[in-house]
Amino acid sequence: AKSGGRDRSMLFDAQMRAEALRLLDLEADLRRAINREAFEPWMQPIVRLSDGEVVGHEALLRWNHEQQGPLSPDAFIGVGEDNGLIEQVDWLMYRRVFEWLASHEGGGYVSINVSPSHFRSEDFASRLLGLVSACGADPNRLRIEITEVTLLDDAPRALRTLNELRENGVYALLDDFGTGFSALSYLHRFPIQCLKIDRSFVAGLEGESHMESLALIRAILALAATLGIDAVGEGVETAYQSDTLRDLGCVYGQGFLFGHPQPVSPPALHYPDDDAA
Ligand code: C2E
Ligand code: CA
Ligand code: CA
Ligand code: CA
C-alpha cells in the first residue's frame, strides 16, 4: 500500500509537470500568435424572436492556431489573463471588428466581449472610442458585453467607464445574466441597455428542470421590464426554446437555431512570417 501511494504521488507529480509544460507552451504559442495577429472575429446573429429579423451580431474571438485550427477563447483565455496577453488579443480582435463595422452598412449592431480585468484597465473607454473612430466605425452600432462581476468589482470606476461609453453612443449588455451574484439593487444604477439570459436557463427549459428554468426566466424578464431594458435569450437551439422565450415576453434570441458563429473573412492560409522564411 505504501509503494502504491508513492506511485500515485509520482504519477501526480508527472501530471502536474506535464500540465505546467502544456500551459507554458500555450503561452509561448499565444505570444507568437499575437505577433502574427492570428485572431479574428466570428459573427453570430442576434434575432427578434417574433419574426426572425437579424438585429445585430455578437463578435466571438477565434484564434487561427497553426496546428489546432480555430480555437475558442475557452481554450486559451486562462493562460492570457494574468499576463495581460488577453488585452493584446482583445485589441487585435476589436480592430478587426471595427474595420468590419466600417465596411458593412446595415446589419444592425455588433457586440464585443470585454474581460473584467480588461474593462478595469485605465482609460479603457477612451482607448476603445479612439480605435472606433480611427477605424471609421459608427460607435452607435457598437455594444459591449460585460458580466456582473465586472460591475461589482469596482463599482464607481465601472460606472464612470460605462457613462463615458454611453455618452458616446456605446451601450452595454449584461452577459450570462443570472449566473453571478445578481446584486439586483445595483443594477438600476448602471447604464445597462440589455440583459442576456444565460444559456443554462434556456437549456433547462427542456428536461427535468423545466419548471425551475421557466420561473427563473420569468423573474429575469420581469426584472428587465421593471428596469425598462431589453432581454436576449442565449443558447437557443430548438424551436421550443425559441417559442417559449417569445411567449414569456423575451424579445430577442441568439443561438445555433438562428445561426452558428461564422468567420467574416476566409481563414488565413498563411502567416506574414512565412514570406520572410
Ligand atoms: P459568451 O460571451 O457567453 O458567448 C456565447 C458562447 O456560446 C460562444 O462560445 C458561442 O459560440 C456559444 N453559443 C452560441 N450559441 C450557442 C448555442 O445555441 N448552444 C451552445 N451550446 N453554445 C452556443 P465561444 O465563441 O466559444 O466563446 C466563449 C466565451 O469566450 C464567450 O462566452 C466570452 O465570454 C468569451 N469571448 C468571446 N469572444 C471574446 C473576445 O473577443 N474577448 C474576450 N475577452 N472574451 C471573449
Ligand atoms: Ca458574450
Ligand atoms: Ca453569454
Ligand atoms: Ca460566458
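Please read all numbers here as calculations on a predicted model, not as lab measurements. (Residues numbered from 1 in each chain as written. Chains lettered and ligands numbered in written order. Predicted model: local features only at pLDDT ≥ 70, side-chain atom pairs only at ≥ 80, totals over all residues. Heavy atoms only, no water.)

Let's talk about the confidence of the model for the protein
Link 1 in the chain: When pLDDT is averaged across the protein, the result is 90; 93% of the residues are at 70 or more.
Link 2 in the chain: Every residue in residues 267-277 is under pLDDT 50, and counting partners more than four places away or in other chains gives 9 contacts.
Link 3 in the chain: Both scores are given for the predicted complex: the pTM is 0.91, the ipTM 0.98. (pLDDT = per-residue confidence, 0-100. Contact = heavy atoms within 4.5 Å.)

A short note on the coordination of the calcium ion (ligand 2)
Link 1 in the chain: Those protein atoms acting as donors to the calcium ion (ligand 2) are Glu58 (OE), Asn113 (OD1), Glu145 (OE) and Asp175 (OD), and they sit at 2.1 to 2.3 Å.
Link 2 in the chain: Distance-wise, the calcium ion (ligand 3) is placed 4.0 Å from the calcium ion (ligand 2), both being coordinated by Asp175. Of the two residues, Glu58 sits in strand β2 (residues 54-65) while Glu145 sits in strand β5 (residues 142-146), which places them 87 residues apart along the sequence.
Link 3 in the chain: On the basis of relative accessible area, Glu58 is assigned to the buried category, the value being 5%. (Donors = N, O, S within 2.8 Å, 3.2 Å for Na, K, Ca; no water. Helix = DSSP H or I, 4+ residues; strand = E, 2+ residues; numbered from the N terminus. Buried < 20%, exposed > 50% of the residue type's maximum accessible area, 1.4 Å probe, protein only.)

Some points on the site of ligand 1
Link 1 in the chain: Lining the immediate surroundings of ligand 1 are 23 residues, of which Ser72, Asp90, Ser115, Glu237 and Phe256 lie closest.
Link 2 in the chain: A distance of 3.0 Å separates an oxygen atom of ligand 1 from a polar side-chain atom of Asn113.
Link 3 in the chain: Between ligand 1 and Asp176, the relevant distance is 3.2 Å, taken from an oxygen atom to a side-chain nitrogen or oxygen of the residue.
Link 4 in the chain: Contact with the protein chains removes 84% of the 800 Å² of surface that ligand 1 exposes when unbound.
Link 5 in the chain: The site holding ligand 1 turns out to be the largest pocket.
Link 6 in the chain: Within the residue set of the shell around ligand 1, elements represented by two or more residues are β2, α3 (85-103) and β6 (171-177).
Link 7 in the chain: At 4 residues, β2 tops the list of elements feeding residues into the shell around ligand 1. (Near = heavy atom within 4 Å. Polar contact = N/O pair within 3.5 Å; in protein donor to acceptor, adjacent residues only side chain to side chain. Areas by Shrake-Rupley, 256 points an atom, 1.4 Å probe, with all protein chains shown as cover. 1 Å grid on protein atoms, 1.4 Å probe; cavity = no way out; pocket = protein on both sides within 12 Å on 5 of 7 lines; lining within 4 Å. Sits in = over half its atoms within 2 Å of the grid points.)

As for the packing of aromatic side chains
Link 1 in the chain: Under the definition given, this model contains 7 aromatic pairs.
Link 2 in the chain: A centroid spacing of 5.5 Å and a plane angle of 80° characterise the contact between Trp91 and Tyr94, whose relative ring orientation is edge-to-face. On the criterion of helical spacing, the pair formed by Trp91 and Tyr94 is a turn pair, its members being 3 residues apart in helix α3.
Link 3 in the chain: Residue classification places Tyr94 among the buried positions, given a relative accessible area of 1%.
Link 4 in the chain: Taking the centre distance of 5.9 Å and the plane angle of 40° together, the rings of Trp91 and Phe124 count as tilted. In this pair, Trp91 sits in helix α3 while Phe124 sits in helix α5 (residues 124-134), placing the two residues 33 residues apart along the sequence. Accessibility classification places Trp91 together with Phe124 in one group, the buried group.
Link 5 in the chain: Through a chain of ring-to-ring contacts, three or more aromatic side chains come together here, namely Trp91, Tyr94, Phe98, Phe119 and Phe124.
Link 6 in the chain: The ring of Trp42 is capped by Arg62, whose NZ or CZ atom sits 5.5 Å from the centre of that ring. (Phe/Tyr/Trp six-rings, centres within 6.5 Å; stacked < 30°, edge-to-face > 60°. Lys NZ or Arg CZ within 6 Å of the ring centre and 35° of its normal.)

Description of the pattern of salt bridges
Link 1 in the chain: Scanning the model with the defined rule gives 14 salt bridges in all.
Link 2 in the chain: Arg32 is the partner of Asp29 in a salt bridge, and the nearest nitrogen-oxygen pair spans 2.6 Å. Of the two residues, Asp29 and Arg32 both sit in helix α1 (residues 2-36), 3 residues apart, roughly one turn of that helix.
Link 3 in the chain: Notably, a salt bridge pairs Asp243 with Arg246, separated by 3.6 Å at the nearest N-O pair. With a gap of 3 residues between them, Asp243 and Arg246 both fall in helix α11 (residues 239-248), about one helical turn apart.
Link 4 in the chain: In this structure Asp243 comes out as partly exposed when scored by relative accessible area, which is 33%.
Link 5 in the chain: Take Arg246: its relative accessible area is 36%, and that puts it in the partly exposed class. (Salt bridge = Lys/Arg side-chain N within 4 Å of Asp/Glu carboxyl O.)

Re the coordination of the calcium ion (ligand 3)
Each donor-metal-donor angle in an ideal tetrahedron of four donors is 109.5 degrees, and each such angle in an ideal octahedron of six donors is either 90 or 180 degrees.
Link 1 in the chain: Donor atoms from the polypeptide that bind the calcium ion (ligand 3) are Asp175 (OD), Asp176 (OD), Glu234 (OE) and Glu234 (OE), placed at 2.2 to 2.5 Å.
Link 2 in the chain: Between the donor residues of the calcium ion (ligand 3), the gaps in sequence give the motif D-D-x57-E.
Link 3 in the chain: By relative accessible area, Asp176 is classed as partly exposed at 27%.

Topic: the layout of surface pockets
Link 1 in the chain: Size it by volume and the largest pocket reaches roughly 1,100 Å³.
Link 2 in the chain: Together, 38 residues line the largest pocket, and Glu58, Leu60, Asn113, Asp175 and Asp176 are the ones closest to its centre.
Link 3 in the chain: Looking at the lining of the largest pocket, the elements with two or more residues in it are β2, α2 (77-81), α3, β4 (109-113), β5, α6 (148-153) and β6.
Link 4 in the chain: In terms of residues, the lining of the largest pocket owes the most to one element, β2, which gives 5 residues. (Points joined across faces, edges and corners; volume = space filled by probe spheres on them.)

Description of the pairing of β4
Link 1 in the chain: Across the 5 residues of β4, 4 count as buried, placing the element largely inside the fold.
Link 2 in the chain: Alignment of β2 against β4, held across 3 bridges, turns out to be parallel. Within β4, the residue paired with Glu58 across the bridge is Ser111.
Link 3 in the chain: The sheet contact formed by β4 and β5 spans 4 bridges and is parallel. Residue pairing in the sheet places Ile112 in a bridge with Ile144 of β5. (Pairing = 2+ DSSP bridges.)

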